[in-house]
Amino acid sequence: MLASSSCSWRLVGWLAILVVGLFLVACSADDPQQAESEPRSAAEQSEQQQARDHAQDEPEPEAVEQPQAQAEQQPAESAVAQAQQAAERQQAEAETTEQAAQEQQTAAQAPAEQQAAAQQAQSSPATGRTLEGVRGIVDPSNNGWPREVEGLNGIVTIPAKPMRIITASIGHDEVTLALVPNERLVAVGGVSRNATYSNIAAMVQDKPEISRDPEVIVAQSPDVVVTSPYFPVEAIDALERVGIVVVQTELVQSPQARIDSILLMGYIFGEEERAFEFADEVQARYEALIAITSSKSPQPSVLALTQYSDTLWVAGGNSTEGGVIVAAGGVNAAEAAGIQGNQTTSLEGVIAMAPSVIIIPQPLEFGAEEFRQSLLDNEALAEVPAIRDGAVHVVESKHFTTLSFWNIRGAEDLARLLWPEDFPDPPAESFSVAE
């Protein structure tokens, strides 16, 4: 009986020893896992801090290795050490809470004008500017290099800030010189140097003249070519094959598209701040115009009419001239007749559209004044309101036909013709340029 009881106690003892042993093994197994997780956390924190401080893609190697080594050398914490750390954390939290309370109290005691100034700074356009939503910018948060844009020719990587720029497009040349110093536009097409068509002709007379021949463009060693939808696809392919960055961008006639084009090109050139500044200037002139013209009634019917080689042309909906007419407070007579874009017409077509105003956005060198007189002298047109009232005007063609922000100047000039009492003073002659 005693022997049986002794065996039972020995069995219980061995079981107790076994349980204790398993417990110790389990504890020793937990420590290495914790030690392994700590270095990873430290490394990740170091990476994030380096990215914030230095805006680099990867942290410096030493900055990652040092916290790893410290974590690996750290011995297992004792209960006393853990308690001490817990007390320190509680104290730090208490201090943080107290500091936050003091800050709130200080803010509550601040003068009303200081609080109002702070709110105004938070809501001002300058602090809220963003490239988010600008068509063509792939990652609006990326203000470094390389950066990507999406053109009509696909996703394009721009490796560094381009210092030698070519556009081979007059509208793009006009935008470019508003955004970058003159010397960065290294060559232009012949049209940009021709004052008949170009609003920047005086600024580019000394620049080399290029064509759309890829070899001619390559000879100028551009860092980037930003061009229009009309640039030949085969020329883009040839330029890209020799390593030249080409971005083919849209040209759309609308107020928002105009601003987006300025911001996109500013991003391509690495001139975001200037692009925002210039977009504000352009938008301010446009809004000052339509603040008056959009409320005018009744709106006159306006026809943009030209003649080349005895052929009559009108500008309908979705045309550059049509956008100018609408901004100036007129109704586009050609669009009202169902015409889209620039189309040919006849004298019968002009009679049917019955415009109350005719504008001729045609260069004087190409017979604009002679064409105007022929319209006034044509007996077949005598009952057309514009002819009957003598409301036929030759306008500056480069303000009406070149697709750029200069169309606003065209709209300002036309508004003075339509509403002289509302626009007694001539508009500003020009826009600002980059310095």
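What this report covers is the structure whose coordinates are included nearby.

Reading guide: rules and limits
- Residues numbered from 1 in each chain as written.
- Predicted model: local features only at pLDDT ≥ 70, side-chain atom pairs only at ≥ 80, totals over all residues.
- Heavy atoms only, no water.
- Helix = DSSP H or I, 4+ residues; strand = E, 2+ residues; numbered from the N terminus.
- Buried < 20%, exposed > 50% of the residue type's maximum accessible area, 1.4 Å probe, protein only.
- Contact = heavy atoms within 4.5 Å.
- Areas by Shrake-Rupley, 256 points an atom, 1.4 Å probe, with all protein chains shown as cover.
- Expected span 1.5 Å × (residues − 1).
- Axes fitted to C-alpha atoms, helices over the stretch in contact; angles between N-to-C directions.
- Parallel < 35°, antiparallel > 145°, perpendicular 65-115°, else oblique.
- Left-handed = near helix turned anticlockwise from the far one by under 90°.
- Nonpolar A, V, L, I, M, F, W, Y, C, P; charged D, E, K, R; others polar.
- Pairing = 2+ DSSP bridges.
- Phe/Tyr/Trp six-rings, centres within 6.5 Å; stacked < 30°, edge-to-face > 60°.
- Salt bridge = Lys/Arg side-chain N within 4 Å of Asp/Glu carboxyl O.

Take the overall build of the chain next. In terms of helices and strands, the chain carries 17 helices and 13 strands. Looking at the chain as a whole, 39% of its 435 residues qualify as buried. Within the chain, counting contacts between residues at least 6 apart in sequence, those at least 24 apart form 61% of the total. When the accessible surface of the chain is split by element, carbon and sulfur atoms take 53% of a total near 24500 Å².

All right, on to helix H17 (residues 407-418) then. Across its 12 residues, H17 extends 16 Å between first and last C-alpha, which sits within 8% of the 16 Å expected from 1.5 Å per residue. Counting buried positions over the 12 residues of H17 gives 9, a clear majority of the element. For H17, the full list of buried residues reads Asn407, Ile408, Arg409, Gly410, Ala411, Glu412, Leu414, Ala415 and Leu418. Residues of H17 that are buried make contact with helix H9 (255-269), helix H10 (272-293), strand S8 (301-308), helix H11 (320-327), strand S12 (357-360) and helix H16 (397-400).

Moving on: the packing of H10 against H17. One can describe the packing of H10 onto H17 by two numbers: an axis separation of 10 Å at closest approach and a directional angle of 25 degrees. In terms of axis orientation, H10 runs roughly parallel to H17. Seen along the crossing, H10 lies across H17 with a hand that is left-handed. Facing H10, whose interface residues are Val282, Arg285, Tyr286, Leu289 and Thr293, H17 presents Ile408, Arg409, Ala411, Glu412 and Ala415. Class assignment for the residues of the contact of H10 with H17 results in 6 nonpolar, 1 polar and 3 charged.

The parallel open sheet is built from 3 strands, whose spatial order is S3-S6-S7. Lying at the two open borders of the sheet, with one neighbouring strand each, are strand S3 (165-166) and strand S7 (245-248). When strand S6 (residues 224-227) meets S7, the two strands line up parallel, connected through 4 bridges. Bridge pairing links valine 226 to valine 247 in S7. Along the sheet, H9 contacts S3, S6 and S7; its crossing angle with S6, the most-contacted strand, is approximately 170 degrees.

What follows deals with the packing of aromatic side chains. Under the defined criterion, the tally for this structure stands at 6 aromatic pairs. The interplanar angle of 40 degrees and the centroid separation of 6.5 Å between the aromatic rings of tyrosine 197 and phenylalanine 366 together place this pair among those described as tilted. Taken as a pair, tyrosine 197 in the loop between strand S4 (188-189) and strand S5 (209-210) and phenylalanine 366 in the loop between S12 and helix H14 (368-377) lie far apart in primary sequence, 169 residues in all. Here tyrosine 197 falls in the partly exposed class, since its relative accessible area comes to 29%. Ring centres of phenylalanine 278 and phenylalanine 405 lie 4.8 Å apart, and the angle between their planes is 80 degrees; this geometry places the pair in the edge-to-face category. Note that phenylalanine 278 is positioned in helix H10 and phenylalanine 405 in the loop between H16 and H17, a separation of 127 residues in sequence. The two residues phenylalanine 278 and phenylalanine 405 agree in class, both being buried.

What follows covers the pairing of S12. In S12, alternate side chains face the same way, and those of Val357 and Ile359 on one face and Ile358 and Ile360 on the other are all buried. Strand direction decides the pairing type here: S8 and S12, joined by 3 bridges, are parallel. When the sheet's bridge partners are listed, valine 302 is paired in S12 with valine 357. Relative to strand S13 (residues 392-394), S12 runs parallel, the two sharing 3 bridges. Directly across from isoleucine 358, in S13, lies its bridge partner valine 392.

Summed over the entire model, instances satisfying the criterion amount to 13 salt bridges. Across the pair glutamate 209 and arginine 193 runs a salt bridge, and its minimum N-O distance is 3.2 Å. Pair noted here: glutamate 209 is in strand S5 and arginine 193 is in the loop between S4 and S5, with a separation of 16 residues, a long-range link. Its relative accessible area of 48% is what places glutamate 209 among the partly exposed residues. The partly exposed category is assigned to arginine 193, whose relative accessible area is 25%. Salt-bridge contacts for arginine 409 lead to aspartate 413; the nearest nitrogen and oxygen are separated by 3.3 Å. Taken together, the positions of arginine 409 and aspartate 413, both in helix H17 and 4 residues apart, correspond to about one turn of that helix. Of the residues examined, aspartate 413 reaches a relative accessible area of 22% and is grouped as partly exposed.

Glancing now at H11. Three or four residues apart is the spacing at which side chains of an α-helix point the same way, because the helix has 3.6 residues per turn. Counting buried positions along H11 gives 6 out of 8 residues, so the element sits mostly inside the fold. Thr320, Glu321, Gly322, Val324, Ile325 and Ala327 are the residues of H11 that are buried. Looking one or two residues beyond H11, the residue adopting positive phi is glycine 329, at roughly 95 degrees.

As a further point, take the environment of proline 385. With respect to the element layout, proline 385 can be found in helix H15 (residues 385-388). Given a relative accessible area of 19%, proline 385 falls into the buried group. Spatially, the C-alpha atoms of proline 385 and proline 355 are 6.2 Å apart, while their sequence positions differ by 30 residues. For proline 385, the residues in contact, after removing those within four places along its chain, are Ala354, Pro355 and Ser356.

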